[in-house]
Amino acid sequence: MNQKSGRVACVDMEFGHVYGTHRGLVMPIEVGAVIYDPMTDEAEFAGLRSGYDIEVEVWLNTTDALGRKTGVVTRVVNSGMRHADIAYNPRHRLDRKEWRAAREIVTASFHDLREFMERICLEEEVDRFSFFAKNMECKALEMAGFDLAPYRCTDLQRDIKKALQMKNFLSLDRSACIIGFEAERGAIRSNRFSYAVPDRYLPSIRPHSAVGDAARIFLLGREFYSGTERFLSEAESYLTRCEREESPA
């Protein structure tokens, strides 16, 4: 995040598979963004959560204290009705009528995604985008009809992998451990940076929430791009610690 660059939007999306379609239909259920202005060193937050009455499967990784994956948890949620405790039955299937209704909602959810992106670009004068493992986000934006071509885009996960000369990618959970990410007392913090969070977004600053992960991407980018050699040293220390401490997975 070079001080001479324009406003950058760090974007994350959470997706859900429509319950009963055997992963046949997928839709964005959350999108979050942190818009950073390097000229003023200020960060603004934005988010959108699906309000449709539809049940979706959400697959979340569980991690240990070092951010290493220990397993996967499957949940069925209905964000429109604010239900998050629906029993998961892998044999559940939608009938033909339910499939049609689900397709209409999925289409509407991608329309909402396009409107959200267009709004932050217009209102926040975004110059470029930063993602972490951008493939799913870019595919979703293409399906939504949002054109990324006019914007510069970076994939922070790829940049870190290249800098560390690693064979495999680091997850966002592990990367957040390297920078000491935390959210407390109305702010997000890393090893060297701290930014206030508006009250309305504080409940969303958690792992695997779109706004929360956008915040992690933002501070990770601040740490990595503003002091790459320092970040690499801290990453090496972290990886050495991971080698010493056996993973429970």
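Structure: above.
Residues numbered from 1 in each chain as written. Predicted model: local features only at pLDDT ≥ 70, side-chain atom pairs only at ≥ 80, totals over all residues. Heavy atoms only, no water.

S.K.: Even after reading the chapter, I still don't get the layout of surface pockets, so can you show me in this structure?
M.R.: Empty space left among the atoms is revealed by rolling a probe the size of a water molecule over them. Here the largest pocket defines a volume of roughly 1,200 Å³. Lining the largest pocket are 43 residues, and of these M13, E14, W59, L60 and H208 lie nearest its centre. Mapped by element, the contributors of at least two residues to the lining of the largest pocket are β1 (8-18), β2 (26-37), β4 (56-63), β5 (69-78), β6 (83-86), α2 (135-144), α4 (172-178) and α5 (210-226). The biggest single contributor to the lining of the largest pocket is β4, with six residues. (1 Å grid on protein atoms, 1.4 Å probe; cavity = no way out; pocket = protein on both sides within 12 Å on 5 of 7 lines; lining within 4 Å. Points joined across faces, edges and corners; volume = space filled by probe spheres on them. Helix = DSSP H or I, 4+ residues; strand = E, 2+ residues; numbered from the N terminus.)

S.K.: Could you clarify how one ought to interpret the pattern of salt bridges in this entry?
M.R.: Applying the stated criterion across every chain, the model contains 14 salt bridges. E234 is the partner of R192 in a salt bridge, and the nearest nitrogen-oxygen pair spans 2.7 Å. With a gap of 42 residues between them, R192 in the loop between β10 (187-189) and β11 (194-196) and E234 in helix α6 (residues 228-244) connect regions that are remote in the sequence. Classification of R192 by relative accessible area gives partly exposed; the value is 40%. Accessibility expressed as a relative area gives 19% for E234, which makes it buried. Linked through salt bridges whose partners overlap, the residues forming this network are R7, D37, E44 and E124. (Salt bridge = Lys/Arg side-chain N within 4 Å of Asp/Glu carboxyl O. Buried < 20%, exposed > 50% of the residue type's maximum accessible area, 1.4 Å probe, protein only.)

S.K.: What's the story with unusual backbone geometry in this structure? I'm lost.
M.R.: Non-glycine residue H22 carries a positive phi angle of around 50 degrees. For H22, the location among the structural elements is in the loop between β1 and β2. Positive phi, close to 70 degrees, is recorded for H208, a residue that is not glycine. Relative to the assigned elements, H208 resides in the loop between β11 and α5.

S.K.: Hey, could you run me through the pairing of strand β3 (residues 42-49) in this one?
M.R.: Successive residues of a regular strand alternate their side chains across the two faces of the sheet. In the sheet, β2 pairs with β3 via eight bridges, with the strands oriented antiparallel. Bridged to V31 within β3 is L48. Counting the residues that bridge the hairpin from β2 to β3 gives four residues, and of these D41 lies at a positive phi of roughly 55 degrees. (Pairing = 2+ DSSP bridges.)

S.K.: Any chance you could explain the sheet that holds β11 here in plain terms?
M.R.: Note: strands within a sheet are paired through backbone hydrogen bonds, in either parallel or antiparallel orientation. Pairing in this open sheet of three strands is antiparallel, and the strands run β9-β10-β11 from one edge to the other. The open sheet has two edge strands, β9 (182-184) and β11, and neither has a second partner. Neighbour-to-neighbour, the strand axes of this sheet turn through a mean angle of 20 degrees, independent of strand direction. Relative to β11, β10 is paired through three bridges, and the arrangement is antiparallel. Residue I188 lies in a different strand from β11, and its bridge partner there is Y195. The strands that α5 touches are β10 and β11; relative to β10, the one it contacts most, it runs at about 45 degrees. (Axes fitted to C-alpha atoms, helices over the stretch in contact; angles between N-to-C directions. Contact = heavy atoms within 4.5 Å.)

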